[in-house]
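Chains, contacts and geometry: an overview
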Amino acid sequence: MNGDISYSIIVPVYNEEAVIDQTYRRLKQVMDSTKEPYELIFVNDGSCDHTTALITGFGYQDDAVKLITFSRNFGHQIAITAGMDYASGAAVVVIDADLQDPPELILDMIAKWKEGYSVVYAKRTKRKGETFFKKQTARLFYRILNISTDLDIPMDTGDFRLLDRKVCEEIKRLPEKNRYVRGLVSWVGFQQTAVEYERNERFAGETKYPLKKMIKLSLDGLTSFSSKPLKIANYAGAALFLFGLIYLAVLLLLKISTTSVIAGWNLVMAMQLVLTGILLTMMGIIGEYIGRIYDETRDRPLYIVSECYGMIKKERNVKKVV
Ligand code: UDP
Ligand code: MG
C-alpha cells in the first residue's frame, strides 16, 4: 500500500468510451491543482467497448492512473466498493465518469474535509438533461426512503462524495452484498456535511442506468435500511380482516331486513381479484427480503477482478497479495 497518497479518486466506468478522455483530462487538471499526491482509480465494470484500452493509454504517461477490471458487469455500487477496497488515499472521492458530477467540486469537498468533516457529500439542487420520468422517480424514491427509515440518508444526493480514510475503512468492514453505498455512508456516521451543486447533463454517451438497474438500486436502498415494507403486510392483513368482518355483517343485515336477491357472483369476483392482488404483493415484498437473505448466506465474493493495472490485485477484506 502506498501510504503517502492524499487523494484517491474512484471512477466507476461501464462502456464510457465516449466520455472517458474528457473525464480524465478534467480530473487531472483539478487534482494537479491541489499540488498533493493523488491516484485516479478507474473501476472498469465489465465494459465491452474501448474504455479499457483508453484508460491504459492514459496510464502509459501518467503514474496516477490505476485500473481495476471486473470479469463482467457487477454493477455501479459494487464498482464503487471495489474502488474503496483498493484506494489508499487519506481521503477518497467517488465520482461518476460521465461528467454529470463536476470534478471542480472536488476542491470544495477537500476544503470542507480540511475543516474537519469526515464525509462531504454533493447535494443536487438541480438536475439538468435528465428525463422528467427519471427526475420524478428519483425524487419520489428519496422521499419514500426518507419516510421508511429511521436513518438520516440525505435526499437528492448520489454517490458523488468525499470520505475520510477512517470512514472508508469502516465501510470496507460492512459485508453486505446488495449494497446501497450512500446509505452505508450515512449508517457509519461521523461528521457529515454537504456542498451543493447543479447536476449537469451527461457529457456524451447514454445512461448506463436503465429502469431495471434503477429499480434494483431503489429496492436495495429500501430493503437495506428499512423493514417497514414487511410491516405493510401486517397492517394490510389486519385491515382486510376488519373489512371482511364488516362486509359479512352487512350481508347478514341485508339478508335479514330485505327480501331482494343479492347478485353475489360479481362481488365475489371483485373480492377475489383484490385479495389475490394484495396477497401476491405481500408475498413479493417478503420475497425481496428472503432473496437478499439468500444472497448474504451464500457469501459469494462481491466481485471478481480479472486484471489490474498500476496496482496489485488483492482479496476483499483480506490483506493478502495474490
Ligand atoms: N456504471 C457502472 N456500472 C453499471 C452502470 C453504471 O460502473 O452497471 C457507472 C457509469 O459508467 C457511470 C456511473 O456508474 O460512471 C453512473 O452511471 P450513469 O451516468 O449511466 O447513471 P445516471 O447518471 O444516468 O443515473
Ligand atoms: Mg450519469
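For the structure, see preceding data.
Quick summary incoming for the structure in this document. All of these numbers come straight from a predicted model, not from anything done at the bench.

Conventions and cut-offs
Residue indices follow the written sequence of each chain, beginning from 1 at its first position. Both sets of labels track the order of writing: A upward for chains, 1 upward for ligands. Side-chain atom pairs in this predicted model are given and counted only at pLDDT of 80 or more, local residue features only at pLDDT of at least 70, and totals for whole chains, interfaces and linings cover all residues. With hydrogens and water set aside, each side-chain value is computed from the structure's full complement of heavy atoms. By the criteria applied, helices consist of DSSP H or I runs no shorter than four residues and strands consist of E runs no shorter than two, each listed in order from the N terminus. The rule is simple: take the accessible area with a 1.4 Å probe, protein chains only, and divide by the maximum for that residue type; under 20% is buried, over 50% is exposed, in between is partly exposed. Any two residues whose heavy atoms approach within 4.5 Å are treated as being in contact. For every accessible area listed, the method is Shrake-Rupley and the probe measures 1.4 Å; residues are considered covered only by the protein chains on display. A molecule or strand has a residue near it when one of that residue's heavy atoms lies within 4 Å. Polar contacts, as used here, are pairs of N or O atoms within 3.5 Å; protein pairs need one atom able to donate a hydrogen and one able to accept it. Residues neighboring in sequence count only if both atoms are side-chain atoms. Using only the protein atoms, space was sampled on a 1 Å grid; points where a 1.4 Å probe fits but cannot get out form cavities, open sets with protein on both sides within 12 Å along at least five of seven lines form pockets, and lining residues are those with an atom within 4 Å of a point. Cavity and pocket membership follows a simple rule, namely that a molecule belongs there if more than half of its atoms are within 2 Å of the grid points. Each residue is assigned to one class: nonpolar for Ala, Val, Leu, Ile, Met, Phe, Trp, Tyr, Cys and Pro, charged for Asp, Glu, Lys and Arg, and polar for all the others, Gly among them. Counted as donors are N, O and S atoms no farther than 2.8 Å from the metal, or 3.2 Å for Na, K and Ca; water is not among the atoms, and sites may therefore look incomplete. Residues with no salt bridge and a relative accessible area higher than 30% make up the patches, which join like charges within 9 Å and nonpolar side chains (Val, Leu, Ile, Met, Phe, Trp, Tyr) within 5 Å. The salt bridge criterion pairs a side-chain nitrogen of Lys or Arg with a carboxyl oxygen of Asp or Glu, the two atoms within 4 Å.

**A short note on the overall build of the protein**
Looking only at helices and strands, the protein has 10 helices and 10 strands in total. Out of the 322 residues belonging to the protein, those deemed buried represent 45%. A separation of at least 24 residues holds for 83% of the contacts in the protein among residues at least 6 apart in sequence. For the protein, the accessible area works out to roughly 17,200 Å², and carbon and sulfur atoms hold 62% of it.

**Considerations on the site of ligand 1**
The environment of ligand 1 is made up of 19 residues, and the closest members are E16, D98, Q100, T207 and K208. One nitrogen or oxygen atom from the side chain of K134 is found 2.7 Å from an oxygen atom belonging to ligand 1. With respect to the pocket detection grid, ligand 1 is positioned in the largest pocket. Classifying every residue of the shell around ligand 1 by side-chain character gives 5 nonpolar, 5 polar and 9 charged.

**Some remarks on the coordination of the magnesium ion (ligand 2)**
For the magnesium ion (ligand 2), every protein donor is listed as D98 (OD) and Q100 (OE1), and the spread of their distances is 1.9 Å. You'll find D98 and Q100 in the same group, each marked buried.

**Description of unusual backbone geometry**
Positioned with a positive phi, K35 is a non-glycine residue whose angle comes to about 60°. One can find K35 in the loop between α1 (20–32) and β2 (38–44). Taking the relative accessible area as the measure of exposure, K35 reaches 73% and is therefore exposed. Of note in the backbone geometry, L99 takes a positive phi value of approximately 65° without being a glycine. Relative to the assigned elements, L99 resides in the loop between β4 (91–94) and α4 (105–115).

**Overview of a nonpolar patch on the surface**
A contiguous nonpolar surface patch, about 340 Å² in accessible area, is contributed by L230, I286, I290 and I293. In terms of residue count, helix α10 (residues 264–298) provides more of the nonpolar patch than any other element does, 3 residues in total. Tracing the chain through its elements places I290 in helix α10.

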